[in-house]
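Here is what each chain is made of, one letter per residue.
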Amino acid sequence: MVEPLLSSDHTATMRLVLTLSLAAAVALTACASKTLVTVPAPAPKPAPVPAPSASPEVPVTESYFSRTKSAVATLSPSATSGVSGLVVFSGGGNSVDVHVTASGLQPGSIHGFHVHETGNCASADFMSAGGHFNPTHKPHGPQDKPHHAGDMPSLLADPAGKIDARFTLEGVTLGGAEGFVGRAVILHATADDFDAQPSGNSGARIACGVIAAE
Ligand SMILES: [Cu+2]
Ligand SMILES: [Zn+2]
């Protein structure tokens, strides 16, 4: 509507300017009231959320657990075995060194020894520890053939009925979802034949311990 501005009629021009000014004022008022009606007041800022309580230097992640370098399990006897001991695990990579000491065994006896999948020694027969730890779904076997991650060498008691044995397990780890920590070690009444499935036919569970990171 610029046409009237070209008119030489001063009055008409002034009327137009006035009209436009009024229109602008009305528009501004409408806009202002619309703003007041529809835009809510800004919400108060929420209080800052406190940081998680875990220390920031120790993130609780898979990679943190997989760096676990040592762990221990105290072997407690079943109701009738009288066998007790200690298992110390060490190794932060893809192998684990194991040191087993135990006492209360028959002199010269041989005993199957495994990591079982569930860290629970609560039941009297230690069946609460479940089967052999086997995250890679292998058959039961000796170290030089396909075997459960939880399969370990059988242990020989000395003439005093004690065990003091050290060995290294390859391809296993202490931490992480496929690690030993949080599982159980079981000492059995008889030797492991490293053949019978699924557990080597090594008899009753005579001592049990839950593996805990140190
Ligand atoms: Cu076992
Ligand atoms: Zn096994």
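Here the structure is a predicted model, which is why all the values come from computation and not from measurement.

K.L.:
Please set out the environment of threonine 80 residue by residue, giving values where relevant.
P.N.:
With respect to the helices, strands and loops of the structure, threonine 80 is situated in the loop between β1 (70-77) and β2 (84-90). For threonine 80, a count of 9 C-beta atoms within 10 Å puts it in the exposed group. Sequence spacing of threonine 80 and isoleucine 206 is 126 residues, and the spatial spacing of their C-alpha atoms is 8.0 Å.

K.L.:
An account of the environment of leucine 86 is requested, with residue identities and associated values reported.
P.N.:
The residue leucine 86 is located in strand β2 in this model. Judged by the 14 C-beta atoms lying within 10 Å of it, leucine 86 falls in the partly exposed class. Placed 14 residues apart in sequence, leucine 86 and valine 72 show a C-alpha to C-alpha distance of 7.3 Å. What leucine 86 contacts, discounting residues up to four positions off in sequence, is Val72, Thr74, Leu75 and Thr101.

K.L.:
Please give an account of unusual backbone geometry that cites residues and values.
P.N.:
Cis geometry marks the peptide bond from glutamine 197 to proline 198, where omega comes out at 5 degrees. A positive phi is found at histidine 137, a non-glycine position, where the angle reads about 55 degrees. Tracing the sequence through the fold places histidine 137 in the loop between β5 (113-116) and β6 (155-156). For histidine 137, a count of 7 C-beta atoms within 10 Å translates into the label exposed. A positive phi angle is found at asparagine 201, which is not glycine, with a value near 55 degrees. Judged by the 16 C-beta atoms lying within 10 Å of it, asparagine 201 is partly exposed.

About the thresholds
Residues numbered from 1 in each chain as written. Chains lettered and ligands numbered in written order. Predicted model: local features only at pLDDT ≥ 70, side-chain atom pairs only at ≥ 80, totals over all residues. Helix = DSSP H or I, 4+ residues; strand = E, 2+ residues; numbered from the N terminus. Buried ≥ 20, exposed ≤ 12 C-beta atoms within 10 Å, placed from the backbone. Contact = placed C-beta atoms within 7 Å.

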